[in-house]
Amino acid sequence: MRSAYLNQIINLLVAILMVPLLLRYLDVNEYVLWLIFTTFGGITLQFESAIQIVSVREIAREHHSGNAVTLQAAVRKAKAAYTTLSACVLVPFLALGLLYLNYVTSEKLGYQGSIEWLLFISAYVLNYYFGTNNSILLGMAHLARYNNITSLTRILNFICTFFLLKA
């Protein structure tokens, strides 16, 4: 229970601290790009959330039934769903984002952000590719480990964002 509360506190603190950090290091155009990126990322997070809810439920059911064969099938099904999401983020979202940056925002923001968009999408693709591990941890009731991992990655996200903005 403590790890879940700690995870929520860390998420809240990072969200609060991120605003002044972004405002300090980004100009208006860069901040707009940040908002565009996080909007596209938020859309993909909705798909990931749907996959996670279903896959955790299926993995938990099979884990608690004690049937290793059906548990492996549930894990394979989750892996297929996450791999599909990862591929969809890699191809259509990468293309849509590049088109949006080059044709919709280019007049106001200039031609910037393509390399950043590629890095941003690559991070999401990698995250979703390994997303099955989150479902496995949750489905097998390893909640403290899951919360500790997400807390650590949120802190690392903030630290990396800070150093990259500073650079």
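Notes on the structure follow. (Residues numbered from 1 in each chain as written. Predicted model: local features only at pLDDT ≥ 70, side-chain atom pairs only at ≥ 80, totals over all residues. Heavy atoms only, no water.)

So, about the overall build of the protein. Secondary structure summary: the protein contains 7 helices and 0 strands in total. For the protein, the N- to C-terminal ordering of α and β elements is α-α-α-α-α-α-α. With the principal axes as the frame, the protein shows a C-alpha extent of 60 × 35 × 20 Å. Scored against the burial criterion, the 167 residues of the protein give a buried share of 35%. (Helix = DSSP H or I, 4+ residues; strand = E, 2+ residues; numbered from the N terminus. Buried < 20%, exposed > 50% of the residue type's maximum accessible area, 1.4 Å probe, protein only.)

What follows is about a nonpolar patch on the surface. A contiguous nonpolar patch, built from Met1, Tyr5, Ile9, Leu13 and Leu17 and spanning about 580 Å² of accessible area, is present on the exposed surface. The partly exposed category is assigned to Leu13, whose relative accessible area is 46%. (Patch = residues over 30% accessible without salt bridge, like charges linked within 9 Å, V, L, I, M, F, W, Y side chains within 5 Å. Areas by Shrake-Rupley, 256 points an atom, 1.4 Å probe, with all protein chains shown as cover. Salt bridge = Lys/Arg side-chain N within 4 Å of Asp/Glu carboxyl O.)

Before going further, it helps to examine the nonpolar core. Phe37, Val89, Trp117, Phe120 and Ile121 are the most contacted members of the largest nonpolar core, which totals 17 residues. Looking at this core, the elements that each hand over two or more residues are helix 2 (28-65), helix 3 (68-104) and helix 5 (114-129). Residue contacts for Ile121: discarding those within four places in its chain leaves Val89, Leu90, Phe93 and Leu94. Counting 8 residues, the second-largest nonpolar core is a separate cluster that includes Val14, Leu26, Phe158 and Leu165. (Core = buried A, V, L, I, M, F, W, Y, C linked by side-chain atoms within 4.5 Å. Contact = heavy atoms within 4.5 Å.)

Tallying each qualifying case throughout the model produces 2 salt bridges. Among the ionic pairs, Lys77 bridges to Glu58, the shortest N-O distance being 3.1 Å. Linking Lys77 in helix 3 with Glu58 in helix 2, this pair joins segments that are 19 residues apart in sequence.

This brings us to the packing of aromatic side chains. Under the defined criterion, the tally for this structure stands at 11 aromatic pairs. Measuring from ring centre to ring centre gives 6.1 Å for Tyr25 and Phe162, while their planes differ by 80 degrees; the resulting arrangement is edge-to-face. Placement of the pair is Tyr25 in helix 1 (residues 2-25) and Phe162 in helix 7 (residues 143-166), with a sequence separation of 137 residues. The class of Tyr25 is partly exposed, set by a relative accessible area of 22%. Here Phe162 falls in the partly exposed class, since its relative accessible area comes to 26%. Relative to Tyr128, the ring of Tyr124 lies with its centre 5.7 Å away and its plane at 75 degrees, an arrangement referred to as edge-to-face. Here Tyr124 and its partner Tyr128 are both found in helix 5, 4 residues apart, which amounts to about one turn of the helix. (Phe/Tyr/Trp six-rings, centres within 6.5 Å; stacked < 30°, edge-to-face > 60°.)

Attention shifts here to the packing of helix 6 (residues 132-139) against helix 7. Look at helix 6 against helix 7: their axes get within 7 Å of each other, and the N-to-C directions meet at 145 degrees. The handedness of the crossing between helix 6 and helix 7 is left-handed. Taken together, the residues of helix 7 that come into contact with helix 6 (itself represented by Asn134, Leu137 and Leu138) are Leu143, Arg145, Tyr146 and Ile149. A breakdown of the residues in the contact of helix 6 with helix 7 according to their chemical character gives 5 nonpolar, 1 polar and 1 charged. (Axes fitted to C-alpha atoms, helices over the stretch in contact; angles between N-to-C directions. Left-handed = near helix turned anticlockwise from the far one by under 90°. Nonpolar A, V, L, I, M, F, W, Y, C, P; charged D, E, K, R; others polar.)

Moving on, we come to the environment of Leu71. Here Leu71 shows up in helix 3. For the pair Leu71 and Ile136, spaced 65 residues apart in sequence, the C-alpha separation works out to 10.0 Å. Ignoring anything within four residues of it in the chain, the contact list for Leu71 reads Ile59, Glu62, His63 and Met140.

Let's shift gears to the packing of helix 3 against helix 6. With their axes 9 Å apart at the nearest point, helix 3 and helix 6 run at an angle of 145 degrees to one another. Once helix 3 is placed against helix 6, the crossing between them reads as right-handed. For the pair helix 3 and helix 6, contact is made by Val75, Ala78, Lys79 and Tyr82 and by Thr132, Ser135 and Ile136, respectively. In terms of residue class, the contact of helix 3 with helix 6 is made up of 4 nonpolar, 2 polar and 1 charged.

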